[in-house]
Number of protein chains: 2
Amino acid sequence: MFKIPATWMRGGTSKCWVFEWDSLQVPGKTVDEVLLRLFGSPDNRQIDGVGGGTSTTSKAVILSRSVSEDADVDYTFAQVGIDEQRVDWGSNCGNCSAVVAPYAIERGWVTPGPETTAVRTLNTNTNQLILQKVDTPGGELGHSGSQMIPGVPFPGMPVGMGFFDPAGRTTGKLFPTGEPQDKVTFDGRQVPATFIDAGAPVVIVEAEAVGLTGHETAAEIDTRTELLVHLDDTRRDAAVQMGLAATRADAERAIPKLALVAKADDGDEADLVVRMLSMGRLHPALAITGSVALTMAAQHEGTVASNLISSDVSAGVTMRTPAGLVQTWAETREGTPVVGALRSARRLADAELLLPDTW
Amino acid sequence: MFKIPATWMRGGTSKCWVFEWDSLQVPGKTVDEVLLRLFGSPDNRQIDGVGGGTSTTSKAVILSRSVSEDADVDYTFAQVGIDEQRVDWGSNCGNCSAVVAPYAIERGWVTPGPETTAVRTLNTNTNQLILQKVDTPGGELGHSGSQMIPGVPFPGMPVGMGFFDPAGRTTGKLFPTGEPQDKVTFDGRQVPATFIDAGAPVVIVEAEAVGLTGHETAAEIDTRTELLVHLDDTRRDAAVQMGLAATRADAERAIPKLALVAKADDGDEADLVVRMLSMGRLHPALAITGSVALTMAAQHEGTVASNLISSDVSAGVTMRTPAGLVQTWAETREGTPVVGALRSARRLADAELLLPDTW
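Only a predicted model underlies this, so the values are computations on that prediction, with no experimental measurement involved.

Next up on the list: the overall build of chain A. Check the secondary structure of chain A and you find six helices and 18 strands. Over its C-alpha atoms chain A spans a radius of gyration of 20 Å, differing by no more than 12% from the 21 Å that the globule rule assigns to 359 residues. In terms of overall dimensions, chain A has a C-alpha envelope of 55 × 50 × 35 Å along the principal axes. In chain A, buried positions account for 60% of the 359 residues. Taking the intrachain contacts of chain A between residues at least 6 apart in sequence as the baseline, contacts between residues at least 24 apart amount to 63%. Of the roughly 13,200 Å² of accessible surface on chain A, 47% is carried by carbon and sulfur atoms. In chain A, 30 side chains carry a positive charge and 45 a negative one; their mean positions are 4 Å apart.

What follows concerns the interface of chain A and chain B. Between chain A and chain B, the residue contacts involve 42 residues of the former and 42 residues of the latter. Across the chain A/chain B interface, buried area totals approximately 3,300 Å², and carbon plus sulfur atoms make up 54% of it. With its nearest N and O atoms 2.8 Å apart, the salt bridge here joins B:D48 to A:R346. At the surface where chain A touches chain B, the tally comes to 20 residue pairs in polar contact (both at pLDDT 80 or more). Elements supplying a minimum of two residues to the side of chain A that touches chain B: strand 1 (2-11), strand 2 (14-20), strand 9 (152-164) and strand 18 (336-355) of chain A. A per-class count over the side of chain A that touches chain B returns 17 nonpolar, 13 polar and 12 charged. With five bridges connecting them, strand 18 of chain A and strand 18 (residues 336-355) of chain B associate as antiparallel partners.

Before going further, it helps to examine the state of the cysteines. Covalently bonding the sulfur atom of one cysteine to the sulfur atom of another cysteine gives a disulfide. All names here are of chain A. For the structure shown, the criterion picks out two disulfides over all chains. Disulfide partner of C16: C96, at an S-S distance of 2.1 Å. Because the torsion about its S-S bond is -90°, the bridge between C16 and C96 counts as left-handed. Highlighted residues: C16 in strand 2 and C96 in helix 2 (residues 94-97), separated in sequence by 80 residues. The closest cysteine sulfur to the non-disulfide-bonded C93 is located on C96, 3.8 Å from its own sulfur. The exposure class assigned to C93 is buried, which follows from its relative accessible area of 6%.

Below, the discussion takes up unusual backbone geometry. In this model, A:S41 is joined to A:P42 through a cis peptide bond whose omega is 0°. Inspection of the secondary structure assignment puts A:P42 in the loop between helix 1 (31-39) and strand 3 (59-65). Even without glycine at this site, A:N127 takes up a positive phi of about 55°. Looking at where A:N127 falls in the secondary structure, it is placed in the loop between strand 6 (116-123) and strand 7 (128-135). When its relative accessible area of 47% is taken as the criterion, A:N127 is described as partly exposed. A positive phi angle is found at B:D165, which is not glycine, with a value near 40°. Position of B:D165 among the secondary structure elements: in the loop between strand 9 (152-164) and strand 10 (182-186).

This model, assessed by the stated rule, comprises 30 salt bridges over all chains. Note that B:R10 and A:D48 form a salt bridge whose closest N and O atoms lie 2.4 Å from each other. A residue pair is termed interchain when its members come from two chains, as with B:R10 in strand 1 (residues 2-11) and A:D48 in the loop between helix 1 and strand 3. Both residues of the pair, B:R10 and A:D48, belong to the buried class. Through salt bridges with shared partners, a single ionic network connects A:R10, A:R346, B:R37 and B:D48.

Glancing now at the domain arrangement of chain A. All names here are of chain A. We note that the domain assignment places domain 1 (2-164 + 343-355) and domain 2 (182-331) within chain A. Using C-alpha coordinates to define each centre, domain 1 is positioned 25 Å away from domain 2. Every contact between the two is made by 23 residues of domain 1 and, on the other side, 22 residues of domain 2. When the area that domain 1 buries against domain 2 is broken down by residue, the three leading residues are D88, P150 and F163, summing to 25%. Summed over the shared surface of domain 1 and domain 2, the number is one salt bridge. Salt-bridge contacts for R253 lead to E84; the nearest nitrogen and oxygen are separated by 3.8 Å. On the surface where domain 1 and domain 2 come into contact, there are two residue pairs in polar contact (both at pLDDT 80 or more). It is strand 9 that contributes the most residues to the side of domain 1 that touches domain 2, three residues altogether. Here the residues of the side of domain 1 that touches domain 2 are counted per class, giving five nonpolar, 13 polar and five charged.

Right, let's talk about the pairing of strand 2 (residues 14-20) of chain B for a bit. Residues and elements named next belong to chain B. Within strand 2, seven of the seven residues are buried, which leaves the element mostly enclosed by the surrounding structure. Here five bridges tie strand 1 to strand 2, and the two strands are oriented antiparallel to one another. In the strand pairing of strand 2, W8 is matched with W17. What sits between strand 1 and strand 2 in their antiparallel hairpin is a turn of two residues, with G12 showing a positive phi close to 55°. One ladder, built from five bridges, connects strand 2 with strand 3 (residues 59-65); its direction is parallel. Across the sheet, F19 pairs through a bridge with I62, a residue of strand 3. Where the polypeptide runs from strand 2 across helix 1 (residues 31-39) and back to strand 3, its parallel neighbour, the crossover connection is right-handed.

So, how was this worked out
- Residues numbered from 1 in each chain as written.
- Chains lettered and ligands numbered in written order.
- Predicted model: local features only at pLDDT ≥ 70, side-chain atom pairs only at ≥ 80, totals over all residues.
- Heavy atoms only, no water.
- Helix = DSSP H or I, 4+ residues; strand = E, 2+ residues; numbered from the N terminus.
- Rg over C-alpha atoms; globule rule 2.2 N^0.38 Å.
- Buried < 20%, exposed > 50% of the residue type's maximum accessible area, 1.4 Å probe, protein only.
- Contact = heavy atoms within 4.5 Å.
- Areas by Shrake-Rupley, 256 points an atom, 1.4 Å probe, with all protein chains shown as cover.
- Lys, Arg positive; Asp, Glu negative; His and termini not counted.
- Charge placed at Lys NZ, Arg CZ, Asp CG, Glu CD.
- Buried area = accessible area lost by both parts, 1.4 Å probe.
- Salt bridge = Lys/Arg side-chain N within 4 Å of Asp/Glu carboxyl O.
- Polar contact = N/O pair within 3.5 Å; in protein donor to acceptor, adjacent residues only side chain to side chain.
- Nonpolar A, V, L, I, M, F, W, Y, C, P; charged D, E, K, R; others polar.
- Pairing = 2+ DSSP bridges.
- Disulfide = S-S within 2.5 Å.
- Domains from an automatic or database assignment.
- Right-handed = clockwise from strand over helix to strand, strands pointing away.

Below is the structure:
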């Protein structure tokens, strides 16, 4: 039996198991195999492992001190399959990203400042540099924090995250096809879509174009099997057009993500209404990487998102999600565009996970 | 911030957080408050805690060395509310019970035998003595094990559990009303029911009487909100008739459990088909305490269960559940009736849970 040290942290609206690379080295096994067995996959309940049986609770973050001069910490995100024997390494998770700065400070990799501490983190899935800011009053990491965010009924430590120059981290271009608007297949029809790569690759489709309002709840979407199949096929078509997969069948489950957008109601403080699909289900809030993509789409003329917005979004976008309002900011630092978002994080448990000798 | 030592174990088809009583003592807080906050309740996703957001993954077992001469370990089961700010202490969980012997041996409370080790465990919720047997080849607890059970796709350590004289542990009587069959309300009608207290209090109703076949899947039951409301009302009516609650509103969510039973198909090796409702949803397999109740009901003439059985069940009952076959055994040891079942268990993680200073 192997004992594998790990820390369980909530990052944003996700639960993430945090590992260091060395801990996942098991003789004769790949990291994918070790993660899948630790999480109890494949099994839709993950009952014999530490996974939570849902896309937001079957996530791992693997860290090391950075080898680059530009960063303090390198981290890699893994979406661990639930009923599939498969780990997706193709995209970052903005929620789990929020655990990196608190972990690095706790671990002593970064010396805390007297009031706040900035940690330079490099996400290796997307080669994205994210500057994270946390409060460290008196040079110490506050353990509890009072930051509330939509989708989490308890407070946590606030983590401000600025995505540096987020365009094209996966495909090389903000708009992988070169155009702010293309067409994608939905249920045999061609509907307008924006393919965008910022934070993570996302395909944006107007909710109305697929027969929805954009205001649907999880129950209203997740019970419609046929709709979910069509939407996943749309996502796979986008994967091919974005150069992320050779065929629809090759497309990864977690990349690109699919965002359905709608006009905000009159008088709503939101600029845009968003429903995000993740791993074949409605995301309870909004993937933060997706919020970066939507912010940049909202700021570029001719995209499916900007066509629905009448307000000024040059400094950031307020999005209405199933869990409430999500706000981003956008600025330029030393000539580099930065898109930012605020999350909260909390350490839930320090653990040693037990891996059977054989399986 | 408090650090609370805990072990995460799979017991049968459940995941259970295992604590020792001393660890849960937090100044100014009750044990209920501490458990609820650790688990992240109330919140239907338990995203800020160690609960799994489902009834089978929001469970705690709290142990101590026994103060009784009849037992080696005392343990108490807690069903931790998910979206309710409430802990149910009213019943035992047979799945989580299976973690007790392995934990006690690992902890050094019981000296392992050269081949197998019998651990005398006392469940304090029901005052039920359960003799647990685990393999200890060479005087050591095997860590991995090869025991498969329905509902769990990975092997674990086999744990044989014999419930000593299980009748009447909660209410004082095997049949709390004195009769093997009564009537209970379902959707305004009176339908036949058996109220039985063995392992745990259970109300047994024929599936046909509530318009079902007994062969339904989780998806076919859990999506029928109106049916679930009626069935919960039936369960609450039973709680009152069994003397477990003064009014329907006072009935606990976890007690009694509701079992729907049906005749086995011709040629099926099962004696009985069972669908168990737990915390308002279909149980993915069968609560083991419920399997003890169903075994004793099957063996007593005139119950809703025995009326559906044509085979000889004096030595045990084979039940068809959504996850497959569950087999019990029944015997008499030194004049005492014993009902037994086999589970598997695996230690998933050793942990320190982090409790915020205030909440």
